[in-house]
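Residues per chain, in single letters:
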Amino acid sequence: GESVGLHLPTLSVQEGDNSIINCAYSNSASDYFIWYKQESGKGPQFIIDIRSNMDKRQGQRVTVLLNKTVKHLSLQIAATQPGDSAVYFCAEKSGNTGKLIFGQGTTLQVKP
Amino acid sequence: SAVISQKPSRDICQRGTSLTIQCQVDSQVTMMFWYRQQPGQSLTLIATANQGSEATYESGFVIDKFPISRPNLTFSTLTVSNMSPEDSSIYLCSIDRPGHSPGELFFGEGSRLTVL
């Protein structure tokens, strides 16, 4: 069946360092792969997505990498800040239904 | 961005009772999505609500347990019926928006239900 998962439940980094959050997916037919950030007590917030025909996309301080050969997705956060502390979810989308399948989440802890 | 308001933000409920969660959006949208997030877990889609038609439920979710209304293009309700402690979760309303990335959903703050 379809599944999206993350390698590590918790990642702890020093403020100013770069963070890399990983995700493995199983549905090769997905059109888009997405990263969401969820702060405590809030709903998830879109960070960045990547289309299935791309392998890299950059945003502001974030980069998403897609390796379709090994079905791996990663989110890189440059110069991690305390405000980046949150749970990060990868998700995938197929077709035009609007349905997203979410992975299990990685908690990013930023140490001052 | 979008303004999505959910009520209640949290509630403590007794086993066997039902609770209706409201979702109000600041503009008209075609589809509204209801997700469940169990404690410490990821999000799972319950159903998609289109105005003027029956909601489409995902595998494992049924209308009798999670009836949904969609009376207009800015509002939807999700009812959690005959609740048990296993229904303790955050329930989230979300929408997509034309002109935004296909993977971008906008979420409400969620309704955190605790069932005793």
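Computed from a predicted structure; not experimentally measured.

**Description of the layout of surface pockets**
Leftover empty space is mapped by rolling, across the atoms, a probe with the size of a water molecule.
Thought 1: Quantified by volume, the largest pocket comes out at close to 510 Å³.
Thought 2: In terms of lining residues, the largest pocket is bounded by 24 residues, among which Gln38(A), Gly41(A), Gln37(B), Ile90(B) and Arg112(B) are the most central.
Thought 3: Residue assignment for the lining of the largest pocket shows that the elements contributing at least two residues are β9 (86-93) of chain A together with β9 (89-95) and β11 (111-115) of chain B.
Thought 4: With three residues, the top contributor of residues to the lining of the largest pocket is β11(B).
Thought 5: Looking at the lining of the largest pocket residue by residue, the class counts come to five nonpolar, 14 polar and five charged.

**Focus on the interface of chain B and chain A**
Thought 1: With 18 residues of chain B in contact, the opposing surface of chain A contributes 20 residues.
Thought 2: Where chain B abuts chain A, roughly 1600 Å² becomes buried across the two surfaces, and 52% of that area is made up of carbon and sulfur atoms.
Thought 3: By the criterion of area lost to chain A, the three top residues of chain B are Ser42(B), Pro102(B) and Gly103(B), representing 27% of everything that side buries.
Thought 4: Taken together, chain B and chain A are joined by one salt bridge.
Thought 5: We note a salt bridge from Glu58(B) to Lys99(A), for which the minimum N-O separation is 2.7 Å.

**What about the pairing of strand β7 (residues 62-67) of chain A?**
All names here are of chain A.
Thought 1: Across three bridges, strand β6 (residues 56-58) lies against β7 in antiparallel orientation. Residue pairing in the sheet places Lys56 in a bridge with Leu65 of β7.
Thought 2: Between the antiparallel neighbours β6 and β7 lie three residues, among them Arg61 with a positive phi of about 70°.
Thought 3: Pairing of β7 with strand β8 (residues 72-77), which is carried by six bridges, proceeds in the antiparallel orientation. For Val62, the partnering residue across the bridge sits in β8 and is Ile77.
Thought 4: Hairpin remark: β7 followed by β8, antiparallel, with four residues in the connecting loop; positive phi at Lys71, about 55°.

Calculation notes
- Residues numbered from 1 in each chain as written.
- Chains lettered and ligands numbered in written order.
- Predicted model: local features only at pLDDT ≥ 70, side-chain atom pairs only at ≥ 80, totals over all residues.
- Heavy atoms only, no water.
- 1 Å grid on protein atoms, 1.4 Å probe; cavity = no way out; pocket = protein on both sides within 12 Å on 5 of 7 lines; lining within 4 Å.
- Points joined across faces, edges and corners; volume = space filled by probe spheres on them.
- Helix = DSSP H or I, 4+ residues; strand = E, 2+ residues; numbered from the N terminus.
- Nonpolar A, V, L, I, M, F, W, Y, C, P; charged D, E, K, R; others polar.
- Contact = heavy atoms within 4.5 Å.
- Buried area = accessible area lost by both parts, 1.4 Å probe.
- Salt bridge = Lys/Arg side-chain N within 4 Å of Asp/Glu carboxyl O.
- Pairing = 2+ DSSP bridges.

Distances and angles like these do not, on their own, reveal function.
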